[in-house]
Amino acid sequence: MKAQDLVDLKQKAVGEAASAAAPSDLEAVRIKYLGRNGLLPEIMKGLKDVAPADRPEVGRLANELKNELQAAIDSRREALETASGAQKAKAFDTTLPGRWRTLGSRHPVTQIIERATSIFSTMGFTVADGPDIETEHHNFDALNTPQEHPSRDPKDTFYLASGLLLRTQTSPVQIRVMENQKPPVRIIAPGRCYRRDATDATHSANFHQIEGLYIDRQVSMADLKGDLTYFARQMMGENVQIRFRPHFFPFTEPSVEYDFSCHVCGGKGCRVCKHSGWIEISGAGMVNPKVLSNVGYNPNEVMGYAFGMGVERIAMILFGIPDIRLLYENDVRFLGQY
Amino acid sequence: MRLPISWLKDYVEFNDTPKGLADKLTFSGTEVEAIETIGSTYEGVVVAEVLKVERHPNADKLTLCTVNPGAGQMVVVCGAPNVKAGGKYPFAQVGVTLPNGLKLKKAKIRGVESEGMLCAEDELGLSTDHAGLLELEAQWAPGTPLSEVLGPPETVLDLEITPNRPDCLSIIGLAREVAAMYGTTLKIPALALAEFGRPAGELTRVEVQDADGCPRYTARIMTGVKIGPSPDWMKRRLEAAGIRAINNVVDITNYVMLECGQPLHAFDQELLEEGRIVVRRVRPGEKMATLDNIERPISESMLVIADAKKPVAVAGVMGGAGSEIRDVTHTVLLESACFKPADIRATSRKLGLSTESSYRFERGVDIGGVEWASRRAAQLMAQLAGATAAPGVIDVYPTPRASRAIPCRYSKVNEVIGLQAAAADMRRVFASLGLGASENGADACLVSVPTFRQDLEREIDLVEEFARIYGLDKIPTPSPRAELAPGASDRSVEAIYFCRNALVGLGLREIMNYSFVSGALLDLFDPNDAARRVVLPNPYSADHSTMRNSLLPQMVETLGRNAARQIREAAFFEIGRVFEKKEDGTFQEETRLAIGLMGAVGRSGFDRHHPVTEEDVFLWTKGIWEALAGTLRLSKAALADEAFAGLEAGRSVSILMDGKPIGRFGLVKAALRKEWRLSEPVGVLEVQFNPLLGRIFASRSFSPVATFPSVGRDMALIVDTSVRHEDILKIVEKVAPKELERVELFDIFAGEGIGVGKKSMAYSFTYRSSERTLTDEDANRYHENVKDAVKKSLGVEIREG
Ligand SMILES: [Zn+2]
């Protein structure tokens, strides 16, 4: 074995490794040179026959051959693996539809109620509830509604037997809470209400309201305005303003109707606000002292505000729903949008 | 209430646009619903005198009119039935565009050329009336522009008057508001009435038999009345306000009603028996036809105005047909009265008859202004109907209304509104509304309330008056004060949200159905519960006549509606109330959760296209329940086979909590779902909602997580098809060592190689000790015990896995 033979052998082996076409060819190269019965162990075995003076040089070259060949095999293997991986990736279709059960959805009316509830909850309001079948006392009398008030008309209200009716508003919940709890009171009452309206794009005989009530020693219309403004900004958008228009309701005095400035156009006028810049929401006011007396509160000691809002109306405004009936048709394609 | 702005300006000065006025009204509490313009400048339309009327040669219904439009003569074809030679009418020449948009072109009508057109009201944009030409007064010279006759265009505000403000059902009442808004003064017409002849007290008598129903009644006698048309200005005002002109006397009563809010009635005194008035209740058997010639079913609770013998008017609602003003009426008995609002309301409702008069009496008229209105009408009758007022007025007013004074604390006003307004501002606002305000100590004033503001009774009413006139826009917008009321808790609401979110996480969409349904829909599911249903006595349609007693009928209906729209899969839930009538007649309501499934909702990917089996849908429904019960930690919930109306036999179970039934689930009867053409199985669940929520926030304990490795063993057995999974579990449970961690059914197979009436069930068992690593020998020993027990108990063959 001569030194030059080893140099030639190294060149040949590294060349074979570099040109291997497949991992199996590469493995054959490895076995041929480095395997247990391969050429290199053969050479190491024959080292004892080499002239002692040449031995260090031949040994060094044999080691070099081993190391360089191993490096060549590794690098070639990596190259081959990368190539075959890319091929595999080509056969893997990442555009197939995903497979996992999808989430369901909450009804748009629920979404508004839950959102409103959580906004008022940050202001210290908790949720109160009452029955759908109410007494005339809670729905009308205790709320200071005169006997002859048009809202009591059987044309507009669903009466059941003996002084019972389907509540026309969530305000009776106010009465129930105040009858059972000493002030202070801070509640909101979301719930279903009923009016004998013919159903059309904006009317539904069955709808939802959210009632708010805040009673304490010192609560003013300014607090009402401030709290509703906070709500409006959380619910509709950052810069929404509130506007009061005087109105008349038997259970509040002073009474107002309140509007939100249009969250879409910022008050400049657009289709959503019918070009007025404002969106009518609902009624509110300072709880009428007669109502406070009716529930046994002393109107000289406590005062407060109450407000209502129509849930479907807010859902329609916020979600751009053109017809209230869509909310009760429960079409999957509609529900899936919210 | 319609408010013509030019009329308003008779009583109050202000300088603003109609839009500006409308905004001010709206923001002080009188909502303006619409702003309307009536009339126009009538460019090119003039007064023309008709000189000659001849028959059209080629048409029976047309005439040829020679007219004088101010200069020269023209011939026009006319189709109006009321055209007369010597009459004066609005006229437009060819070339003019009329207010209704019609441009007059040169044209032959039935062969005769028309040089212009005589106009009816609709063509002038005054109304939709096309019955005849608009007749103009003789005083107008031919050629006078019509705009001079009809005046400038009128802007009318359409107002919504809230029920607490009957005073605003009049122009003067509104003028008072406007004066307060603009800080100007109200100008009420001065009345100077000349009276002649025999005193009214000698000409008639008034007897009020029911002073409760009629606290004030005045009568005035007008003699020498000449009935005729009202002057144009009055007609225009009435029509702008929405009241049709009839004749001068009737128009005056309406005009004064609009002006001051006091309804008036004019009787032809000669038609009154003994010429006198009795205010009383209806007597048994009495009948009466009203002015509209309709026989009204008057009854004994109603108040009428009668003469010596018979009723001649339904008090405050409508006059009678036998005593109304005729063309030949000479002597008018003018009624101005005040009736009890509740009486008028009841009568109006019973008769189904609502009039301008009843509308005002129902809300309450100003009892202090009754006589003023009478005098005002008498003055106008003297001016416009040639009448003479008999001296004096008969005024039956036994208990004059005491004036009211309300103390008002300035600090209270500021406290309620959240302002720091000055006392002087408050007194100024009160004064501007016609309320007297005098100092009453350091922090209060005493506000005297005139009779026209009966709605003001308490301090809070004055707070409202101040707030709305001072301006709600001046109220500040403070940041919320988030204080917690004692005892405040939203735990129950949080529990509902938790449950709803779990359902959404399980892939269900929330729906919402109406609380009322048709009885027929409920009958489909269970005709036997009809006696317990809550039925509405006054539904608005038969489809919504009954309160739902279950959420399931509408759930299936909703699935059906979606299926009809080619939607193949749906997984729904609804949380809603149901209603029931108890045996004692009381009503009960309860919140429930319902679930409904159709289509391959329990599968993903390509499996969706395989047909679904009854077992699939049942087990999906059950799977949802198990997942929900798990996340709600309802460890006490159990299931038991049970049959239910509307559910397929053998494919329904009852849900029990602490042994009590709280719900059910299963497959909808095939016959039932076919009502909605649902061809595949439909799974439904309905359960009381509240029992689901009790354990969500219950305290939890920790069980150590096992760290030693587990050993798995399988068991496959061939059993009769009647053997149930639960039977096998029970046997296993009995003999299982504590090291048996889990048993899982992983395959069921029936068919080839198994044998008729048999099925193969394959289970995997997981053994694990919490104290040591189990050896294969340990696991074999445990598993052999289990297998032996199953073999012995069921006498079945076990195929080693
Ligand atoms: Zn807008």
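Residues numbered from 1 in each chain as written. Chains lettered and ligands numbered in written order. Predicted model: local features only at pLDDT ≥ 70, side-chain atom pairs only at ≥ 80, totals over all residues. Heavy atoms only, no water.

## Focus: the environment of Arg 198 of chain B
All names here are of chain B.
- Inspection of the secondary structure puts Arg 198 in the loop between helix H4 (171-182) and helix H5 (200-203).
- Sequence spacing of Arg 198 and Leu 118 is 80 residues, and the spatial spacing of their C-alpha atoms is 48 Å.
- Among residues more than four places away in sequence, those in contact with Arg 198 are Leu 203, Ala 390 and Pro 391.
- Among the polar contacts listed, one links the side chain of Arg 198 to the side chain of Glu 202, at a separation of 3.4 Å. (Helix = DSSP H or I, 4+ residues; strand = E, 2+ residues; numbered from the N terminus. Contact = heavy atoms within 4.5 Å. Polar contact = N/O pair within 3.5 Å; in protein donor to acceptor, adjacent residues only side chain to side chain.)

## Some words on the packing of helix H6 (residues 232-241) of chain B against helix H7 (residues 248-260) of chain B
Residue and element names in this part refer to chain B.
- Contact geometry for H6 and H7: axes closest at 10 Å, N-to-C directions at 55 degrees. As summarised for this structure, H6 and H7 are arranged oblique, according to the angle between their axes. Of the two elements, H6 crosses H7, and the hand of that crossing is left-handed. Where H6 approaches H7, its residues Trp 233, Met 234, Arg 237, Leu 238 and Ala 241 are matched on the opposing element by Asp 251, Ile 252, Asn 254, Tyr 255 and Leu 258.
- Here the residues of the contact of H6 with H7 sort into 7 nonpolar, 1 polar and 2 charged. (Axes fitted to C-alpha atoms, helices over the stretch in contact; angles between N-to-C directions. Parallel < 35°, antiparallel > 145°, perpendicular 65-115°, else oblique. Left-handed = near helix turned anticlockwise from the far one by under 90°. Nonpolar A, V, L, I, M, F, W, Y, C, P; charged D, E, K, R; others polar.)

## A short note on the nonpolar core
- Among the nonpolar cores identified, the biggest contains 115 residues, and Phe 244, Tyr 258, Phe 307 and Met 309 of chain A together with Phe 466 of chain B are the most heavily contacted of them.
- Each residue touching Phe 307 of chain A, except ones within four places of it in the same chain, is listed here: Phe 120, Ile 188, Ile 210, Glu 211, Gly 212, Leu 224, Leu 228, Tyr 258, Gly 283 and Ala 284 of chain A.
- Formed by 53 residues, the second largest nonpolar core is a distinct cluster that contains Ile 161, Cys 168, Leu 169 and Ala 385 of chain B. (Core = buried A, V, L, I, M, F, W, Y, C linked by side-chain atoms within 4.5 Å. Buried < 20%, exposed > 50% of the residue type's maximum accessible area, 1.4 Å probe, protein only.)

## Comments concerning the interface of chain B and chain A
- With 83 residues of chain B at the contact, the number on the chain A side is 86 residues.
- For the pair chain B and chain A, the summed buried surface comes to about 7,000 Å²; carbon and sulfur atoms form 57% of the total.
- Looking at the side of chain B facing chain A, the largest losses of area belong to Arg 481, Arg 509 and Met 512 of chain B, adding up to 10% of the total buried there.
- For the pair chain B and chain A, the interface holds 9 salt bridges. (Buried area = accessible area lost by both parts, 1.4 Å probe. Salt bridge = Lys/Arg side-chain N within 4 Å of Asp/Glu carboxyl O.)

## A few points about the packing of aromatic side chains
- Under the definition given, this model contains 26 aromatic pairs over all chains.
- Judged by centre distance (5.9 Å) and plane angle (45 degrees), the rings of Tyr 258 of chain A and Phe 260 of chain A are tilted. No difference in accessibility class separates Tyr 258 of chain A from Phe 260 of chain A, as the two residues are buried.
- Taken together, a centroid distance of 4.6 Å and an interplanar angle of 25 degrees make the contact between Phe 466 of chain B and Tyr 470 of chain B stacked. Here the residue Phe 466 of chain B and the residue Tyr 470 of chain B both occupy positions in helix H13 (residues 459-470), the gap between them amounting to 4 residues, near one helical turn. (Phe/Tyr/Trp six-rings, centres within 6.5 Å; stacked < 30°, edge-to-face > 60°.)

## Focus: the pairing of strand S8 (residues 278-287) of chain A
Residues and elements named next belong to chain A.
- Most of S8 is tucked away: 7 of the 10 residues are buried.
- Pairing between strand S7 (residues 252-261) and S8: 8 bridges, direction antiparallel. The partner of Phe 260 across the bridge, within S8, is Ile 279.
- Direction of pairing for S8 relative to strand S9 (residues 303-310): antiparallel, over a ladder of 3 bridges. Within S9, the residue paired with Ala 284 across the bridge is Phe 307. (Pairing = 2+ DSSP bridges.)

## Details of the coordination of the zinc ion
Residues and elements named next belong to chain A.
- The coordination sphere of the zinc ion contains the protein donors Cys 262 (SG), Cys 265 (SG), Cys 270 (SG) and Cys 273 (SG), at a distance range of 2.2 to 2.3 Å.
- Around the zinc ion, the 4 donor atoms sit at angles spanning 103 to 113 degrees, and that spread fits a shape best called tetrahedral.
- For the zinc ion, the single-chain donor residues occur in sequence as C-x2-C-x4-C-x2-C.
- Residue Cys 262 is classed as buried on the basis of its relative accessible area, which comes to 1%. (Donors = N, O, S within 2.8 Å, 3.2 Å for Na, K, Ca; no water. Tetrahedral: all angles 85-135°; square planar, octahedral: opposite > 155°, others 65-115°.)

## With respect to the sheet that holds strand S38 (residues 797-799) of chain B
Residue and element names in this part refer to chain B.
- Ordered by their spatial adjacency, 4 strands build an open sheet running S36-S37-S35-S38, and the pairing between neighbours is antiparallel. What marks the edges here is a single partner per strand, and that holds for strand S36 (740-749) and S38. Recorded for the sheet is a direction-independent mean angle of 30 degrees between the axes of neighbouring strands.
- Where strand S35 (residues 711-720) meets S38, 3 bridges bridge the pair, whose relative direction is antiparallel. Residue pairing in the sheet places Leu 717 in a bridge with Ile 798 of S38.
- Across the face of the sheet, helix H20 (residues 725-735) comes into contact with S35, S36 and strand S37 (758-767) while running at roughly 40 degrees to S37.
- With respect to the sheet, helix H21 (residues 776-794) is in contact with S35, S37 and S38, its orientation differing from that of S35 by roughly 15 degrees.

## Comments concerning the state of the cysteines
- A complete count under the given rule lists 0 disulfides over all chains for this structure.
- Residue Cys 408 of chain B stays outside any disulfide, its sulfur separated by 4.8 Å from that of Cys 445 of chain B, the closest cysteine. (Disulfide = S-S within 2.5 Å.)

## Observations concerning the pairing of strand S12 (residues 216-223) of chain B
Residue and element names in this part refer to chain B.
- Taken across its 8 residues, S12 has 7 buried, putting it largely inside the fold.
- Pairing of S12 with strand S20 (residues 332-338) involves 7 bridges; the strand directions are antiparallel. Residue pairing across strands places Arg 216 opposite Cys 338, the latter belonging to S20.
- When S12 meets strand S22 (residues 394-396), the two strands line up antiparallel, connected through 3 bridges. Bridged to Tyr 217 within S22 is Val 396.
- Summarising the sheet, S12 and strand S21 (residues 388-389) pair through 2 bridges and their orientation is antiparallel.

## Comments concerning the environment of Ala 542 of chain B
- Structurally, Ala 542 of chain B is set in the loop between helix H15 (519-525) and strand S28 (546-547).
- Between the C-alpha atom of Ala 542 of chain B and that of Ala 563 of chain B, which follows or precedes it by 21 residues, the distance is 24 Å.

## Looking at the sheet that holds strand S4 (residues 63-68) of chain B
Residue and element names in this part refer to chain B.
- Pairing in this open sheet of 5 strands is antiparallel, and the strands run S5-S4-S3-S6-S9 from one edge to the other. Of all strands in the sheet, those with a lone pairing partner are strand S5 (74-78) and strand S9 (116-118), marking the two edges. Going from strand to strand, the sheet's axes swing by 45 degrees on average, the running direction of each strand aside.
- Where strand S3 (residues 45-55) meets strand S6 (residues 88-93), 5 bridges bridge the pair, whose relative direction is antiparallel. Residue pairing for S6: Val 47 is matched across the bridge by Pro 90.

None of the figures reported here should be taken as evidence of function without further support.
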